[in-house]
Amino acid sequence: MADFQKTLWAPWRMDYIASLGPGGVEGCFLCKLIQDAGEDEKNHVLWRSPQTVVLLNLFPYTSGHVLIAPTLHVGQPEDLPDATLLELMQRARDAKRVLEAALAAQGFNIGMNLGRCAGAGLPDHLHLHVVPRWSGDTNFMPVLGDVKVIPQSLDEVQRLFLAKAAELKLGPGGYSTSSERR
């Protein structure tokens, strides 16, 4: 077998997997953020409405990794009203547009991990990931060195995102941004 076909082990991931305890509303970080609108800037919440919340991922795959969650604590898309499903996709569209303009993203991964075995760290509260990508941004640092390289701080990405969203006039229709609440 060629060297590139050998298995690469990542045993440090087991600590993360083992740390995932029982869910429920009381242990859900998204529900806590949804209920605590007064800390949006500190919590990197970008937009919110009665149906959805948009925030920067505190453990991003790359700069600008956004999470979009319904305000309802549900784990499956079929448990959401159609209007909320539609709004999730509208916010993904808007976040993509802002990230493209603010960070010069060249591509995107957009999707959900449903169920713990599918990679959901929070299986009881579904959320959509919007991950900006650039040519050549993947590398072996996380696999070989247990290191993720994130080139921008969350505060800087939040500043760029909100400025570009205001410039593009995205965030209306019941949405408010943390900069509007200051």
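Residues numbered from 1 in each chain as written. Predicted model: local features only at pLDDT ≥ 70, side-chain atom pairs only at ≥ 80, totals over all residues. Heavy atoms only, no water.

(A) Summary view of the overall build of the protein. From N to C terminus, the protein includes 5 helices and 6 strands. Moving toward the C terminus, one meets the helices and strands of the protein in the order α-α-β-β-β-α-β-β-α-α-β. Split into buried and exposed, the 182 residues of the protein put 37% on the buried side. Taking the intrachain contacts of the protein between residues at least 6 apart in sequence as the baseline, contacts between residues at least 24 apart amount to 67%. For the protein, the exposed surface amounts to about 10500 Å²; the carbon and sulfur share of it is 57%. (Helix = DSSP H or I, 4+ residues; strand = E, 2+ residues; numbered from the N terminus. Buried < 20%, exposed > 50% of the residue type's maximum accessible area, 1.4 Å probe, protein only. Contact = heavy atoms within 4.5 Å. Areas by Shrake-Rupley, 256 points an atom, 1.4 Å probe, with all protein chains shown as cover.)

(B) Representation of the environment of alanine 95 within the structure. Within the element layout of this structure, alanine 95 appears in helix H3 (residues 82-103). Once the C-alpha coordinates of alanine 95 and leucine 67 are considered, the two residues, 28 residues apart in sequence, prove to be 9.5 Å apart.

(C) Seen up close, the confidence of the model for the protein. Per-residue pLDDT for the protein has a mean of 81; in total, 73% of the residues score no lower than 70. A low-confidence stretch, residues 172-182 (pLDDT under 50), is modelled with 31 contacts involving residues beyond four sequence positions or located in other chains. (pLDDT = per-residue confidence, 0-100.)

(D) Structural context of the packing of H3 against helix H5 (residues 154-167). Put simply, H3 and H5 touch, their axes get as near as 9 Å, and they point 110° apart. By the angle between their directions, the pair H3 and H5 is classed as roughly perpendicular. Contacts from Ala95, Val98, Leu99, Ala101, Ala102 and Leu103 in H3 reach Val157, Leu160, Phe161, Lys164 and Ala165 in H5. Here the contact of H3 with H5 is composed, by residue class, of 10 nonpolar, no polar and 1 charged. (Axes fitted to C-alpha atoms, helices over the stretch in contact; angles between N-to-C directions. Parallel < 35°, antiparallel > 145°, perpendicular 65-115°, else oblique. Nonpolar A, V, L, I, M, F, W, Y, C, P; charged D, E, K, R; others polar.)

(E) Looking closely at the nonpolar core. Counting 23 residues, the largest nonpolar core has Leu46, Trp47, Val66, Ile68 and Phe161 as its most contacted members. Of all the elements in the fold, those that place two or more residues in this core are strand E1 (45-48), strand E2 (52-56), strand E3 (66-70), H3, strand E5 (128-133) and H5. A total of 7 residues in this core trace back to one element, the largest contributor, which is H3. Excluding its chain neighbours within four sequence positions, the residues that come into contact with valine 66 are Leu46, Val54, Leu55, Leu56, Asn57, Ala95, Leu99, Leu128, His129, Val130 and Phe161. Counting residues in each nonpolar core, the second largest holds 11 residues, with Leu30, Leu33, Leu67 and Leu122 among its members. (Core = buried A, V, L, I, M, F, W, Y, C linked by side-chain atoms within 4.5 Å.)

(F) Inspection of the pairing of E2 at higher detail. Burial analysis of E2 places 5 of its 5 residues in the buried class, which makes it a mostly covered element. Residues of E2 alternate between two faces, with Thr52, Val54 and Leu56 on one and Val53 and Leu55 on the opposite face, all of them buried. The pairing of E1 with E2 spans 3 bridges and is antiparallel. From the neighbouring strand, arginine 48 faces E2, where its bridge partner is valine 53. Judged from the 5 bridges that link them, E2 and E3 form a sheet pairing that is antiparallel. (Pairing = 2+ DSSP bridges.)

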